[in-house]
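# Descriptive structure summary
Letter by letter, the chains look like this.
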Amino acid sequence: MNKLSHLGPFNTLEKSRQVSRRGFLIGATSVGFTLAFMPPEVGANDRDDLVDNGAAAALNDASNGVFEPTVWYSIDPTGIVTVNIAEAEMGQHIGTALARIIAEELEADWQQVALKYVDTEAKYGYRVTGGSWSIWHNFDLLSRAGAAGKKALIEEGAKLLGVASYECSARNSQVIHKDRSISYAEIVTRGNISRVYSAQQLLKMPIKHPANRVLIGEDTKALDIPDKTRGKAVYGIDASYPGMVYGKPLIPPTRYGAKITAIDDAAALKIVGYQRTIALTDPSNTVPGWAVVIADSYHAALKAAPLVKVSWDAGDTAGVSEQDILDRGGALIESAVGSLLLDDPLVDTNFAAAKEVLQRRYTTSTVLHFPLEPMNAIALEKNGNWEIHTGNQWQSLTLPVYAQALDVAEEKIIMRSYLIGGGFGRRLMGDYGVPALLAAKALAKPVKLLLSREDDSRFDSVRSPSVQDVSMAFDQQQQVIGMQHHAAAGWPTEVMAPGFLGTGTNGEKYDPFSISGANHWYSVGSHRVRAISNDLANKTFRPGWLRSVGPGWINWALESFMDEAAHKVGIDPITFRLKHLISRGRNKGAAPNSVGGANRLVRVLRQVAQNAGWGQDLPVDTGMGVATTFGQERDMPTWCGCVALVHVDRKTGKISLQKLSLVLDAGTIVHPDGALAQTEGAALWGVSMALHEGAKFVNGEVEDTNLNTYTPLRMSDVPAMDIEFIENNYQSVGLGEPATTVVAPAIGNAIFNAVGVRLRHLPMTSAAVLAELV
């Protein structure tokens, strides 16, 4: 149930998150109307050249009968508004939400809006879809884009009507003056629109007060669903190219350091359609020690692959186990290494003076992405340039790696965009495109590389195992006077995007995506947070950004510990949390992203307790557990509260999750149905990782490589769900990940309240429950 409540006034958006900071162009010809922004990386001195060479060139093409939009949307002579989507569409309906923002301010007829998922071009700026950032980053930019287009259309429409523009308004793709109107289609066909706005003008471009919105926040069907339902949608795995051959990788026993010593394909030569097996040489070190089976069809490649005998010298991590990685994390915590994200000078003093100190260790297992659509890519060279056809979430990170692998300039590579059949952070890494490109280069022909389920698992950039120590100091009156949180895990950002690393108070670097959540909104006296990179994890596999990344393990420890602390001092867990959610100091919040601070979390916590019926009498061996989260980052908080209702069978240890109640404050909700779907999916993956998923490393590789042994949540185990969004007009933030992080601790806390068993490792299993009950 998608319920709505009201909270808070409208807040304007910060300038640091607004549009391109350079300027944009509005122009139209007989073929269409286009709105263009200057990319953020283009300097002010380059602006005139960019307008001439980018937008003006496109307009000249339009006059020759070929029109290509230069930025976010265009309007053709029939009135169709085509919105260019630079984000990856992977089932979250992001195209619908972004188009909704533009159409709202443009006053477009929603029935005339279409989507176009664009390929990589510099004019679209930095490209990444992840971190629950898409709406947060784009809301103001696209709102002002739509408003600018409306302004230009009203001005030109007024001219065509022979009236003053200030007497006109726009609605449903029409400019209206009293009882007369002219359609956007007619304005585009008959008018002469050409206008340049500076960045300063754009920042002053008025946008609607939320009370006047007619599209944002209203239910609508996602625009991508009809083609998916009819089988017309094209995913990367569906792509084809004339003359292509198929490739299936043969993956070495270790992610790094493996070398091929011999290839024997004599037996494979008997397979009809098999061509050859090639060893790859990879300057980017993305796929060291890889070989690729080449065939006329994927079926032939799949049949031939087991018959090709490859001998490898394995890398140094060939003997590493899951327990080795966890042990290394524990040892690193015991040492003094790491980066201090927070380090109050009174921490040591308060802990030394404490009457009691509560300390607990929490751990999590490796988790696989396992998207429905396995990794795939088509690579080819065409007229001296390279094309790669695939679905990807982080083009701006991926293209430089491709350039390094091919030893060509990045400008020589274009990525053709496709729909994605499951990303979850796996396709933030475009590593699967490297072997396709290298094979195409070696063969001088197009190659479609497709990974099997087993290949996908072995090559996955997994969510790292983690080890965390959390402690809290209490004074004579059982008041909290200090808290420490130390977390060790593999760091994806350190390995793949070091430019995004933060710098701690001690000058050491840290991965913000691997520690976010420990800098929470509770007031706990002196506070220390230490982030530690598990070097053995980083050597054994390439750590990945899996849906929610660090908060997925950080919040497990934090919210489990908050319950343990509440029980220690004999206070109801919700009351304990409310006592420490104080909106002052660093927890006061700030405009525009975290207005209200801890008070917003208080609101969702109270509401979810009420919705779930917290405190009611429950059947024997049944319990409720609570947890909160602020999502991904303090500067983009999505306030979330969760109550889980759980029954535990004392004889078998079976954990039955009966219901999840969630309340979220994500600011302005653009697309309610999409928001609900995102939250449902995020919460259910949280359930899956809490109770069902968990791989382990054996001899340097993940042991589970297919769904016969890797067992995500099944439909029969899906609980009842009650989801409510707090309605307000605050900054719109993210919903792709927050609910993922809040579920596991709520379930763990419910298990404790049901049967008195405290579990501190994910996934929580029946065996672990039985071991504690004995």
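Residues numbered from 1 in each chain as written. Predicted model: local features only at pLDDT ≥ 70, side-chain atom pairs only at ≥ 80, totals over all residues. Heavy atoms only, no water.

Here we come to the pairing of strand β29 (residues 655-665). Working note: regular strand, side chains alternate between the two faces of the sheet. Counted residue by residue, β29 has eight buried out of 11 residues, so it is predominantly covered. Inspection of the sheet shows strand β28 (residues 639-648) paired to β29 by 10 bridges, in the antiparallel sense. If you follow Cys-640 over to β29, its bridge partner there is Leu-664. Across six bridges, β29 lies against strand β32 (residues 720-727) in parallel orientation. (Buried < 20%, exposed > 50% of the residue type's maximum accessible area, 1.4 Å probe, protein only. Helix = DSSP H or I, 4+ residues; strand = E, 2+ residues; numbered from the N terminus. Pairing = 2+ DSSP bridges.)

Bringing helix α2 (residues 94-106) into the picture now. Given a rise of 1.5 Å per residue, 13 residues ought to cover 18 Å, and the 18 Å separating the end C-alpha atoms of α2 matches this to within 8%. By the criterion of burial, α2 is predominantly enclosed, with 13 of the 13 residues buried. At the C-terminal side of α2, Glu-107 shows a positive phi close to 60°. (Expected span 1.5 Å × (residues − 1).)

A few words now on the packing of aromatic side chains. In the structure shown here, the tally under the stated rule is 11 aromatic pairs. For the pair Phe-370 and Tyr-710, a centre-to-centre distance of 5.8 Å together with 10° between the ring planes defines the contact as stacked. With a gap of 340 residues between them, Phe-370 in the loop between β17 (356-364) and β18 (376-382) and Tyr-710 in the loop between β31 (701-702) and β32 connect regions that are remote in the sequence. Residue class for Tyr-710 comes out buried when judged on its relative accessible area of 1%. Members of the aromatic cluster, connected to one another through ring pairs, are Trp-394, Phe-500 and Trp-545. Directly above the aromatic system of Trp-110 lies the positively charged group of Arg-100, at a separation of 4.6 Å from the ring centroid. Note that Arg-634 overlies the ring of Trp-521, its terminal NZ or CZ placed 3.8 Å from the centroid. (Phe/Tyr/Trp six-rings, centres within 6.5 Å; stacked < 30°, edge-to-face > 60°. Lys NZ or Arg CZ within 6 Å of the ring centre and 35° of its normal.)

Further remarks concern the environment of Arg-586. One can find Arg-586 in the loop between α16 (573-580) and α17 (598-612). The class for Arg-586 is partly exposed, based on a relative accessible area of 40%. Sequence separation between Arg-586 and Val-718 is 132 residues, and the spatial gap between their C-alpha atoms is 38 Å. Every residue in contact with Arg-586, bar those within four places of it in the chain, is listed here: Leu-342, Asn-519, His-520, Trp-521, His-527 and Arg-634. A polar side-chain atom of Arg-586 sits 3.4 Å from the main-chain carbonyl oxygen of His-520. (Contact = heavy atoms within 4.5 Å. Polar contact = N/O pair within 3.5 Å; in protein donor to acceptor, adjacent residues only side chain to side chain.)

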